[in-house]
Number of protein chains: 2
Amino acid sequence: MATLLIDERPKLEAEHPCFGCAVRHVSICGVLASGELRTFRQSGTTVRHGAGATIFFEGDPADSVYTLTSGTLRLSKLLPDGRRQIAGFIFPGDFLGLTMEDEHAFTAEAITEAELCRFPRRRFDAFLDEHPHLERRLYLLAAHELAAARQQVVLLGRKTAAERVISFLLMLASRCRKEGGVADRVVLPMSRSDIADYLGLRIETVSRELSALKAARLIQMTDTHTIRLLDPEQLEALAEG
Amino acid sequence: MATLLIDERPKLEAEHPCFGCAVRHVSICGVLASGELRTFRQSGTTVRHGAGATIFFEGDPADSVYTLTSGTLRLSKLLPDGRRQIAGFIFPGDFLGLTMEDEHAFTAEAITEAELCRFPRRRFDAFLDEHPHLERRLYLLAAHELAAARQQVVLLGRKTAAERVISFLLMLASRCRKEGGVADRVVLPMSRSDIADYLGLRIETVSRELSALKAARLIQMTDTHTIRLLDPEQLEALAEG
DNA sequence: CGAGCGATTGATCGCCATCAAAGTGGGTGG
DNA sequence: CCACCCACTTTGATGGCGATCAATCGCTCG
């Protein structure tokens, strides 16, 4: 029995790359039966992007959808004069390219090296027609993103700089926890500039607030991209005023 | 032929209140065939709320969904210390209560007197199971709301007070246009306080910016709740910096 | 070792918030 | 019908938070 598993596993993966996919169960593919998955896989291709690369620009025709399998992306929009707002970060398992319009409203860029599953939109839509239960999954996905966007609206509309930075750290910590990681050790793959543009602040302000939290012994920074939450309880209280 | 129409119409409406519904074709019900509609209607009830009334509070169990048939609502959230952020306004034809959580994340209140179609969530879900094409409609709806929320994120994160107010006016004008109204005459059913809490500003700032636009001959105010856009082109340019 | 980029820290400025007061309009009761 | 009230809006004066300008630090890479 055990030997069968050991022998069979690699063969399955060779036919079905998805079986080896780290995010299969969390992504949209999770609801697919094995036979469906094969068909689905055949309509997609794997793409790799180096850090800083652009997956698509705002205004580009939205003719593909993606699942991120590794790395981190940012979704951003530029105002004509260069001001930038980041609408969200995309982590492994997240879906990308979901839109009703013909054009993408936001630019998607790789923060770290990233790997994605790319599906031509036409094929994806056709597949959707044949598998109606995928639509519920898609709806759940959209509802989830909507909740996140509205949380960001509250943050940007009414929170102070300190509250924004704390909320951001807690958000990342919560995502860490859901993925089974340790709760109080947060990795920030993005730069201060990305954080600032996500929180509607300037990099100097983000830096200052982090320094203040460090001085208050609420966080610890081993390096600039790794933060340890020393008092999650109090941070939680501070995040909401 | 004409007499038949005249005679038959009221009878149809008596059996099928939805036929007389002003928002049937734009709301989620629009995809339903007549037979389906009858079933759907039977699972819903009409509710009325006076101006200022609360439809549900954030934290209330999300056991109903609604379609707004007349009036205007606001979706808001309070921070512990009383700061309020409005995440969106709900207009006739819009869907309300759409959430994946067990509890509503936002409070829904009537700005003007409002009329809604209320559906118990269990029945709605059951109906959804039997009519899979409704799920696509629902997905489209969520995607639309997501786009609106992200637009608000950009507004709150990176726009100045003047740009926010102009963007708001243009948003309402665009909605007016879609509903076949005149493009340059905008009605604001909500108070200055509601506008401020939507735009992440204070009422004084909203008032000042409106006065400035009036002084610049870009808008006209017949009364505090009716605004005429005198130069939509230039307003459009000013809205994006 | 120096160039170059990102992050931090410091000094000052400006937009919008806050505090304050006056204007407006609609509804009520005398 | 008018006087009064109350809530909402507008306008004015001042202040503070976060932006801006500027310098330094620390790291990686050539």
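These numbers come from a predicted model, not from an experiment.

Trainee: Looking at this structure, how should I read the overall build of chain A?
Mentor: Helices and strands together make up the secondary structure of chain A, namely eight helices and eleven strands. Taking the contacts inside chain A whose residues are at least 6 apart along the sequence as the reference set, 70% of them involve residues at least 24 apart.

Trainee: What exactly am I supposed to notice about the protein's contact with DNA strand C here?
Mentor: Around DNA strand C sit 16 residues in total, of which Arg192(A), Arg208(A), Ser211(A), Arg202(B) and Thr205(B) are the nearest. For DNA strand C, the fraction of protein-proximal atoms (within 4 Å) that sit in sugar or phosphate groups is 66%. Take Ala161(B): an N or O atom from its main chain is 2.8 Å from a phosphate oxygen of DNA strand C. Residue Thr205(B) places a side-chain N or O atom 2.3 Å away from a phosphate oxygen belonging to DNA strand C. Those elements that provide at least two residues to the surface near DNA strand C are helix H7 (203-215) of chain A together with helix H7 (203-215) of chain B.

Trainee: Please clarify how the sheet that holds strand S10 (residues 219-223) of chain A should be interpreted in this entry.
Mentor: Strand pairing in a sheet relies on backbone hydrogen bonds, with the paired strands running either antiparallel or parallel. Residue and element names in this part refer to chain A. The strand order S9-S11-S10 describes an open sheet built from three strands, whose pairing is antiparallel. Unpaired on one side and paired on the other, strand S9 (185-187) and S10 mark the two borders of the sheet. On average, each strand axis in the sheet is inclined to that of its neighbour by 25°, with strand direction left out of account. Where S10 and strand S11 (residues 226-229) come together, four bridges link them in antiparallel fashion. Of the residues in S11, the one forming a bridge with Asp 223 is Thr 226.

Trainee: Whenever I open this one, the packing of helix H5 (residues 161-178) of chain B against helix H6 (residues 192-199) of chain B confuses me. Can you help?
Mentor: All names here are of chain B. Across the interface, H5 lies against H6 with an axial gap of 10 Å and an inter-helix angle of 110°. For the element pair H5 / H6, the angle class is roughly perpendicular. Residue-level inspection shows Arg 164, Val 165, Phe 168 and Met 171 of H5 in contact with H6, the latter providing Ile 195, Tyr 198 and Leu 199. Of the residues in the contact of H5 with H6, the class split is six nonpolar, no polar and one charged.

Trainee: For this particular structure, what's the right way to read the protein's contact with DNA strand D?
Mentor: The immediate surroundings of DNA strand D are formed by 17 residues, with Ala161(A), Arg202(A), Thr205(A), Arg192(B) and Ser211(B) found nearest. Near-protein atoms of DNA strand D (within 4 Å) split between backbone and bases, with sugar and phosphate holding 65%. At a separation of 3.1 Å, a base nitrogen of DNA strand D approaches a polar side-chain atom of Glu204(A). Sorting the residues of the surface near DNA strand D by element identifies H7 of chain A together with H6 and H7 of chain B as the ones contributing at least two each.

Trainee: Would you take a moment to explain the interface of chain A and chain B for this structure?
Mentor: Interface size, as often reported, equals the accessible area lost upon joining of the parts. Of the residues lining the interface, 44 residues belong to chain A; the matching set on chain B comes to 43 residues. At the boundary of chain A with chain B, total buried surface from both sides reaches about 4000 Å², with 62% on carbon and sulfur atoms. The largest share of the area that chain A buries against chain B comes from Tyr139(A), Arg150(A) and Arg158(A), three residues that together contribute 21% of it. For the side of chain A that touches chain B, the elements supplying multiple residues, two or more each, are strand S4 (73-78), strand S5 (84-90), helix H3 (121-130), helix H4 (133-158) and helix H6 (192-199) of chain A. A per-element tally of the side of chain A that touches chain B places H4(A) first, with 17 residues.

Trainee: Help me understand the confidence of the model for chain A, please; the structure alone is not making it clear to me.
Mentor: Note that predicted coordinates carrying low pLDDT should not be read in detail. With 86% of its residues at a pLDDT of at least 70, chain A reaches an overall mean of 88. Counting contacts from residues 1-10 of chain A, a segment whose pLDDT is below 50, to residues more than four positions away or on other chains yields zero contacts.

Trainee: Teacher, can you tell me more about H3(A) here?
Mentor: An α-helical segment advances 3.6 residues per turn. Residues three or four places apart therefore align on the same side. Residues and elements named next belong to chain A. Within H3, burial applies to Arg 121, Phe 124, Phe 127 and Leu 128. For H3, the buried positions fall inside an angular range of 125° around the axis, keeping them on one side. Every exposed residue of H3 that faces more than 90 degrees away from the buried side is listed here: Arg 122, Asp 129 and Glu 130.

Trainee: Looking at this structure, I do not really get the relation of the copies chain A and chain B. What am I missing?
Mentor: Relating the two copies of this chain is a rotation about some axis coupled with a shift parallel to it. Least-squares fitting of chain A to chain B yields an RMSD of 0.0 Å, with the transformation described by 0.0 Å of translation along the axis and a rotation of 180°. Viewed as a symmetry operation, the transformation between the two copies matches a two-fold axis.

Trainee: How do you make sense of the sheet that holds strand S6 (residues 95-96) of chain A when you look at a structure like this?
Mentor: Residues and elements named next belong to chain A. Pairing is antiparallel across the open sheet formed by four strands, whose spatial order is S1-S8-S3-S6. The two strands at the open ends of the sheet, each matched to only one other strand, are strand S1 (45-49) and S6. Relative to strand S8 (residues 114-120), strand S3 (residues 64-70) is paired through six bridges, and the arrangement is antiparallel. Counterpart to Leu 68 in the pairing with S8 is Leu 116. Lying over the sheet, H3 contacts S3, S6 and S8, oriented at roughly 70° with respect to S8.

Trainee: Is there a simple way to explain the pattern of salt bridges in this structure?
Mentor: Side chains that carry opposite charge are capable of pairing whenever their charged atoms lie near each other. Scanning all chains against the criterion turns up 30 salt bridges over all chains. Where Asp81(A) meets Arg83(A), a salt bridge forms, and the shortest distance between an N and an O atom there is 3.0 Å. By relative accessible area, which is 46% here, Asp81(A) ends up partly exposed. Its salt-bridge partner being Arg74(B), residue Glu109(B) comes within 2.9 Å of it at the nearest N-O pair. Residue Glu109(B) is located in strand S7 (residues 107-110), and its partner Arg74(B) is located in strand S4 (residues 73-78); the two are separated by 35 residues in the primary sequence. When salt bridges that share partners are traced, they join Arg74(A), Arg84(A), Glu109(A), Asp194(A), Asp197(A) and Arg158(B) into one network.

Trainee: Any chance you could explain unusual backbone geometry here in plain terms?
Mentor: Peptide bonds are mostly trans, and most non-glycine residues show a negative phi. All names here are of chain A. Phi at Arg 217 is positive, roughly 60°, even though this residue is not glycine. Residue position: Arg 217 is located in the loop between H7 and S10. Using a relative accessible area of 66% as the deciding quantity, one classes Arg 217 as exposed.

What counts and how
Every residue gets a number counted from 1 within its own chain, in the order that chain's sequence is written. Here the convention is simple: chains get letters from A, ligands get numbers from 1, in the order in which they are written. Only residues with pLDDT of at least 70 get local features here, since the model is predicted, and only at 80 or more are side-chain atom pairs given and counted; chain-wide, interface and lining totals rely on the full set of residues. Only hydrogens and water are removed before side-chain values are computed, so all heavy atoms of the structure are retained for them. Per the convention used, a helix needs a DSSP run of H or I reaching at least four residues, while a strand needs a run of E reaching at least two, with both numbered from the N terminus. Contacts: residue pairs with any heavy atoms within 4.5 Å of one another. We call a residue near a molecule or strand when any one of its heavy atoms sits within 4 Å of it. Contacts described as polar in this section are N or O atom pairs within 3.5 Å, which, within protein, must combine one atom able to donate a hydrogen with one able to accept it, while residues neighboring in sequence count only if both atoms come from side chains. Criterion used throughout: strands pair if DSSP finds at least two bridges between them. Fitting a line to C-alpha atoms yields each axis, with helices limited to the stretch in contact; the angle taken between N-to-C directions then spans 0 to 180 degrees. For classification, angles of less than 35 degrees are called roughly parallel, those exceeding 145 degrees roughly antiparallel, those between 65 and 115 degrees roughly perpendicular, and all remaining angles oblique. The classification used treats Ala, Val, Leu, Ile, Met, Phe, Trp, Tyr, Cys and Pro as nonpolar, Asp, Glu, Lys and Arg as charged, and all other residues, Gly among them, as polar. Here's the idea: put two parts together, see how much 1.4 Å probe accessible area each one loses, and the total over both is what we call buried area. Note: pLDDT gives the predictor's confidence per residue, expressed from 0 to 100. Each residue gets one of three labels from its accessible area relative to the maximum for its type: buried under 20%, exposed over 50%, partly exposed in between, using a 1.4 Å probe on protein chains only. Read the arc as the range of directions from the helix axis to the C-beta atoms. Superposing the copies works by least squares over the C-alpha atoms of residues that have pLDDT at least 70 in both of them. The term salt bridge refers to a side-chain nitrogen of Lys or Arg lying within 4 Å of a carboxyl oxygen of Asp or Glu.

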